[in-house]
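# Chain and residue survey
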2 protein chains.
Amino acid sequence: MQVSNELRDYFPDGVFSQHCPSRVLLDHVMSKWGVLVLLALSEGEPLRWSELRRRAEGVSEKMLAQTLRTLASDDLVERHAKPVVPPHVEYSLTPAGQELAAHLVPLMRWVAGHAGEQRV
Amino acid sequence: MQVSNELRDYFPDGVFSQHCPSRVLLDHVMSKWGVLVLLALSEGEPLRWSELRRRAEGVSEKMLAQTLRTLASDDLVERHAKPVVPPHVEYSLTPAGQELAAHLVPLMRWVAGHAGEQRV
DNA sequence: CAGAATCCTCTAAGATACTG
DNA sequence: CAGTATCTTAGAGGATTCTG
């Protein structure tokens, strides 16, 4: 394979080093609900809070709120609140989020394709 | 972007559904130490236990052991124990693990490249 | 509808010590 | 060297209630 050294080259400090800032972003992106939210939004159309709750099946309100806040502060997700009543809020990917999702989707497809094929 | 529907097509049951087996594999792969171990091994050469501990900086013995067991049972990582004393054990990626790593590396490179650019 | 606030539980994960 | 065993705790995460 020998894909790497590129990795080390790209990030001199080392993604492996304990206090590398990438660890934080990595944890956000790779978190259980973070992945699912990014994936759900990767389809292009903005989604509403309630739609996201249904898509990421099993997520609690608390975790969805937390996940969205985190991803928003990472500039991966954008929040658009229409000033109507009842409230109408939509979430979508930022350009950065779209870049990330472009990597996430094939990965997820691979994972989905291989899930259940081995003893878990 | 509109990358998806492919996702749904590929996995009819939906990767988003709560008890989809992909959730389990996803959690293993996306776990903090899982990613780092897979990444470390993606460089091609097998690594020894102690080398992995150094590479995945901050990992505890317990978590490394657990991570390796999990990844091995998912058929992503292989363990080769040479019957010598003192023990000499090497870990490497399986073919499946290499496929996965091929997706993980560009993702990680993106993450590394974007870490620290926004308020965290 | 889209959350915020609160409480509570459980387990992921770290620290430590021991061993084949 | 390459782990396992045990103990402990922070905090991730769930359930419920409340509100602009």
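Residues numbered from 1 in each chain as written. Chains lettered and ligands numbered in written order. Predicted model: local features only at pLDDT ≥ 70, side-chain atom pairs only at ≥ 80, totals over all residues. Heavy atoms only, no water.

Chain A has the name Transcriptional regulator in an unreviewed UniProt entry, where Nocardioides oleivorans is given as its organism.

## Focus: the protein's contact with DNA strand C
Lining the immediate environment of DNA strand C, one finds 18 residues, of which Arg48, Ser50, Arg79 and Tyr91 of chain A together with Lys62 of chain B sit closest. Of all DNA strand C atoms lying within 4 Å of any protein atom, the proportion belonging to sugar or phosphate reaches 59%. Within the side chain of Tyr91 of chain A, one N or O atom sits 2.4 Å away from a phosphate oxygen of DNA strand C. Those elements that provide at least two residues to the surface near DNA strand C are α4 (49–55), α5 (61–73) and β3 (88–93) of chain A together with α5 (61–73) of chain B. In terms of residue count, α5 of chain A provides more of the surface near DNA strand C than any other element does, four residues in total. Per-class residue counts for the surface near DNA strand C are nine nonpolar, two polar and seven charged. (Near = heavy atom within 4 Å. Polar contact = N/O pair within 3.5 Å; in protein donor to acceptor, adjacent residues only side chain to side chain. Helix = DSSP H or I, 4+ residues; strand = E, 2+ residues; numbered from the N terminus. Nonpolar A, V, L, I, M, F, W, Y, C, P; charged D, E, K, R; others polar.)

## Details of the sheet that holds strand β3 (residues 88–93) of chain B
Residues and elements named next belong to chain B. One open sheet holds the three strands; their spatial order is β1-β3-β2, and the pairing between them is antiparallel. Every other strand in the sheet has two partners, leaving β1 (47–48) and β2 (77–82) as the edge strands with one partner each. Strand direction decides the pairing type here: β2 and β3, joined by six bridges, are antiparallel. Bridging from a neighbouring strand, Val77 pairs with Leu93 of β3. (Pairing = 2+ DSSP bridges.)

## With respect to helix α6 (residues 95–114) of chain B
The first and last C-alpha atoms of α6 of chain B sit 29 Å apart over 20 residues, in line with the 28 Å expected at 1.5 Å per residue. The axis of α6 of chain B is deflected most strongly, by about 25 degrees, at Ala101 of chain B. (Expected span 1.5 Å × (residues − 1). Bend = angle between axes of the 7 residues up to and from the residue.)

## Focus: the protein's contact with DNA strand D
Lining the immediate surroundings of DNA strand D are 19 residues, of which Lys62 of chain A together with Arg48, Ser50, Arg79 and Tyr91 of chain B lie closest. Those atoms of DNA strand D that come within 4 Å of the protein belong to sugar or phosphate at a rate of 60%. The side chain of Glu61 of chain B places a nitrogen or oxygen atom 3.0 Å from a base oxygen of DNA strand D. Interatomic distance of 3.3 Å between a backbone N/O atom of Val89 of chain B and a phosphate oxygen of DNA strand D. Looking at the surface near DNA strand D, the elements with two or more residues in it are α5 of chain A together with α4 (49–55), α5 and β3 of chain B. Partitioning the surface near DNA strand D into residue classes produces nine nonpolar, three polar and seven charged.

## Considerations on the sheet that holds strand β2 (residues 77–82) of chain A
Ordered in space as β1-β3-β2 (chain A), the three strands form an open sheet in which the pairing is antiparallel. Here the strands that pair on one side only, and so sit at the sheet edges, are β1 (47–48) and β2 of chain A.

## What about the environment of Ser50 of chain B?
Residue and element names in this part refer to chain B. Structurally, Ser50 is set in helix α4. What makes Ser50 partly exposed here is its relative accessible area of 34%. Each C-alpha atom, one on Ser50 and one on Val89, is 9.3 Å from the other, the two residues being 39 residues apart in sequence. (Buried < 20%, exposed > 50% of the residue type's maximum accessible area, 1.4 Å probe, protein only.)

## A word on the environment of Gln66 of chain A
Residues and elements named next belong to chain A. Secondary-structure assignment places Gln66 in helix α5. Given a relative accessible area of 34%, Gln66 falls into the partly exposed group. Separated by 25 residues in sequence, Gln66 and Leu41 place their C-alpha atoms 16 Å apart.

## As for the pattern of salt bridges
Residue and element names in this part refer to chain A. Within this structure, the stated rule accounts for four salt bridges over all chains. For Glu43, the salt bridge goes to Arg55, with nearest N and O atoms at 2.6 Å. Of this pair, Glu43 sits in the loop between α3 (32–41) and β1 while Arg55 is found in helix α4, placing the two residues twelve residues apart along the sequence. Overall, Glu43 belongs to the buried group, its relative accessible area being 6%. (Salt bridge = Lys/Arg side-chain N within 4 Å of Asp/Glu carboxyl O.)

## Remarks on helix α3 (residues 32–41) of chain B
When you tally the buried positions in α3 of chain B, you get nine out of ten residues, the bulk of the element. For α3 of chain B, every residue scored as buried is listed here: Trp33, Gly34, Val35, Leu36, Val37, Leu38, Leu39, Ala40 and Leu41 of chain B.

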